[in-house]
Amino acid sequence: MKKFPHMARSGTFVVVGLVWLMASQGLAAQTTAGVSEKDFLDEMPIILSVSRLPQRLDETPGAVTILDRDFIRSSGARDVADLLRLVPGFQSSTSFEADAPQASYHGVYGYYSARIQVLVDGRSVYSNFFAGSVAPGLMTVMLDDIERIEVLRGSNSVAYGARAMLGVVNIVTRHSSDTLGTRAALTRGENGIQDTQLGLGWRTENSSMRLSLDERGDDGLTGSNGHNRVQRVNFRSDWQVSGSSNVQLSAGWMDIASGKGYANRPGDGLRDVTFENKFVNVDWKEVLSPDQDLVLSFSHNQESYRDVAPYLPIPGLNLDGSGTTSNNTLTAQHTLRLSPAVRMVWGAELRRESVTSKPLFNTAESLVDDFTRLFTHAEWRLRPDLLLNGGVMAEHSSVSGSSLAPRLMLNWHVTPEQTLRAGISRSFRPPSAFERRSDVRYSFNNRLLSVTFLARGNVDPEALLTRELGYLGNFQWLKSTLDVRLFDESFTGYVDGVPYLVQLGGKPYAPYDYFNVDNFSIRGLELQWKGQPWPGAQLGFNQTFSRMAFPSPPSETKLVVAMPESTSTLFLTQQLPSGMQFSLSHQYSEPLWVQRSGDFRQYIHRTDWRLSKSLRFGHRRGELAVTVQNQGQPYADYDSSFLFKRRAYVTLRIDN
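In this report, the structure presented in the accompanying data block is examined. Source: prediction; values computed, not measured.

Calculation rules
- Residues numbered from 1 in each chain as written.
- Predicted model: local features only at pLDDT ≥ 70, side-chain atom pairs only at ≥ 80, totals over all residues.
- Heavy atoms only, no water.
- Helix = DSSP H or I, 4+ residues; strand = E, 2+ residues; numbered from the N terminus.
- Polar contact = N/O pair within 3.5 Å; in protein donor to acceptor, adjacent residues only side chain to side chain.
- Buried < 20%, exposed > 50% of the residue type's maximum accessible area, 1.4 Å probe, protein only.
- Contact = heavy atoms within 4.5 Å.
- Pairing = 2+ DSSP bridges.
- Patch = residues over 30% accessible without salt bridge, like charges linked within 9 Å, V, L, I, M, F, W, Y side chains within 5 Å.
- Areas by Shrake-Rupley, 256 points an atom, 1.4 Å probe, with all protein chains shown as cover.
- Salt bridge = Lys/Arg side-chain N within 4 Å of Asp/Glu carboxyl O.
- Core = buried A, V, L, I, M, F, W, Y, C linked by side-chain atoms within 4.5 Å.
- 1 Å grid on protein atoms, 1.4 Å probe; cavity = no way out; pocket = protein on both sides within 12 Å on 5 of 7 lines; lining within 4 Å.
- Points joined across faces, edges and corners; volume = space filled by probe spheres on them.
- Phe/Tyr/Trp six-rings, centres within 6.5 Å; stacked < 30°, edge-to-face > 60°.
- Lys NZ or Arg CZ within 6 Å of the ring centre and 35° of its normal.

## Here we look at the side chain of R210
Among the structural elements, R210 can be located in strand 12 (residues 207–218). Among the polar contacts made by the side chain of R210, one reaches the main-chain carbonyl oxygen of R174 at a distance of 2.8 Å.

Structure below.
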């Protein structure tokens, strides 16, 4: 495929216009019963996940980005992590080297995404293996099954507990009644890209069901061991039990098989690893009256991780990082209207997290953490133009103790189309099992060779105080919207690994332990603009400015460079004659820390484009699309020697 010239640098597309995300924030917002799905410029979208109350976008207690089905498809992305790089304040990685492609808000801290919460239809997909991660959870469902993704940019522990310290990504899948019949898609392209999707939907008298099977595979980053494959099976059933009661059942299986290590270093940890996930989730909703309803949810999740690498200098010695986890969650939630001016939701959640790994903890016993959560949120309309959101989460961990996460946010409708918001919240993140109990030793013939991690439990939960101001404007005469967030996020007791000296068996070792090492603030501004500048076009732009402030010198220089001070994203979709569509995105980032490369940082200029043609096969619809990712120079991802090069691929899709 002929190579196109690289897009203009960041300054050029900033001049093009303050634009971003026309397709991402509301053209197809799925709503609760009684609210129709309309174009964003006609009606504010309804947000389901921020406060656990369905709320208009201009009345939520925080800044929200919506990635809808049209945006997801036109972006050409192959997974959710790659989509999130187009959300203000997010950084993402396509590497499978840690556990799976990951995304983090306001900095990639360490090697895992442990400070945001990811939900799939309200079910937490946070993995408590290693130091905690949402990366495997981002791979749970195939993109074609997603109705929209709601991203709250900011702390939300008040609604979802400790894992939501920096934000929440809620993946809402399509209702099974919207996916009846058969669907199929086939993708082939450069870098060994081979993706296959198959969906089947059917209806019974009172229910509808969907079964989805897919495989995503490629050769990974240049310089890495590559050959990554993700296989998934997902089932969803929506059953109308009665006129006031319905049940949603979801179940699934996922297997991630990936290569790890350095392609040019055959003796340096080359191996294949697997991550298997199984889950089941049941949601029962009962409408008690026109003003209240009750939801009961139960989810069970199992994970199995296998990572064994031969240590070539000593034949017969393996470096092992395998283990299993199990999570069970039971939630009860009651929503009611107390008066014409007051709505509220309250409830409780019991969650048990268990992790077992002799290689990581030097014990065959399971490490268990039981969470008990009580939450409430109230929305009080003080007057027609003034809305007060207030909530609190009381959480108790059987390991880390108790915490209280409150939030208060005031939304003022200056005019029906212009809204100002101001708020404050506090959240906590308890240390993971690995940060509290890690004990990684390597022995051979009953002789201790090395101790790399030996945690002594001297670590407290991290705390975050968030203060923010916001603005949301809808400009009908310009067919555009503008969202601005000004934030100050103050960390206390940031947890990081620090080596120390210890004597074991009369010999000295220098393993890592985890401590609360730093206090700092992240301050900045996020801007998100979208509009329809001409017929058939959707144009958007986002911009993030951020800076870290330390009251005293940080413990590690990598923390100072953990996030870029400025990032920009441009996105354009243009409808063309004869059922064709062209999409273009360009991402610019000032120097960004590459995770496993010391203090190494780099600028990122990445341009993607997609050209599609709608098709007809009798009564069926289809699409043929060509996508090119990173039409320009390679950039490092996760490691300075791992390069993301240009990838071109073709997708043939057939729908009902």
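## Quick word on the environment of L611
Mapped onto the elements, L611 comes out in strand 35 (residues 601–617). A relative accessible area of 31% places L611 in the partly exposed class. Distance in space between the C-alpha atoms of L611 and G470 is 36 Å, their sequence separation being 141 residues. In contact with L611, other than residues within four places in its own chain, are L576, M580, Q581, F582, L624, A625 and V626.

## Regarding the pairing of strand 21 (residues 367–383)
Sheet topology places strand 20 (residues 342–356) next to strand 21; 14 bridges connect them, and they run antiparallel. Directly across from V342, in strand 21, lies its bridge partner W380. Both strand 21 and strand 22 (residues 386–397) contribute to a ladder of twelve bridges, which runs antiparallel. Counterpart to E379 in the pairing with strand 22 is N389. Counted along the chain from strand 21 to the antiparallel partner strand 22, the turn is two residues long.

## Quick notes on a nonpolar patch on the surface
Residues F617, L624, V650 and L652 make up a contiguous nonpolar surface patch of roughly 300 Å² in combined accessible area. As for its position among the elements, L624 is in strand 36 (residues 620–629).

## A short note on the nonpolar core
Judged by nonpolar contacts, the single largest core of 40 residues is most densely connected at L84, F90, I149, V169 and I171. Counting residues per element, the ones that place at least two in this core are helix 2 (69–75), helix 3 (80–84), strand 5 (102–105), strand 6 (117–120), strand 8 (146–153), strand 9 (167–173), strand 28 (480–499) and strand 31 (512–531). With four residues, the top contributor of residues to this core is helix 3. Once residues within four sequence positions are removed from consideration, L84 is found in contact with L67, F90, A103, L138, V151 and V169.

## Regarding empty space enclosed by the protein
Following the criterion strictly, the structure yields 15 cavities of 30 Å³ or more and no others. Roughly 340 Å³ of internal volume is contained in the largest cavity. In terms of lining residues, the largest cavity is bounded by 33 residues, among which Q91, S92, Q587, L592 and I604 are the most central. Top element by residues in the lining of the largest cavity is strand 34 (residues 580–593). It accounts for five residues.

## Digging into the sheet that holds strand 3 (residues 63–68)
With respect to topology, five strands assemble into an open sheet ordered 3-8-9-6-7, the strand pairing being mixed. The open sheet terminates on both sides in strands that have one partner only, identified here as strand 3 and strand 7 (123–124).

## Some remarks on the packing of aromatic side chains
Here the structure, examined in full by the defined rule, presents 17 aromatic pairs. Between F453 and Y514, the ring centres sit 6.3 Å apart and the planes meet at 10°, which makes this aromatic pair stacked. Placement of the pair is F453 in strand 26 (residues 447–454) and Y514 in strand 31, with a sequence separation of 61 residues. A connected cluster of aromatic rings, assembled from ring pairs, spans F361, F434, F453, Y512 and Y514. The aromatic ring of F371 is capped on one face by R373, whose charged end is 5.0 Å from the ring centroid. A cation over an aromatic ring shows up here: R456 above the ring of Y500, its NZ or CZ 3.7 Å from the ring centre.

These results come straight from atomic positions and should not be treated as a statement about function.
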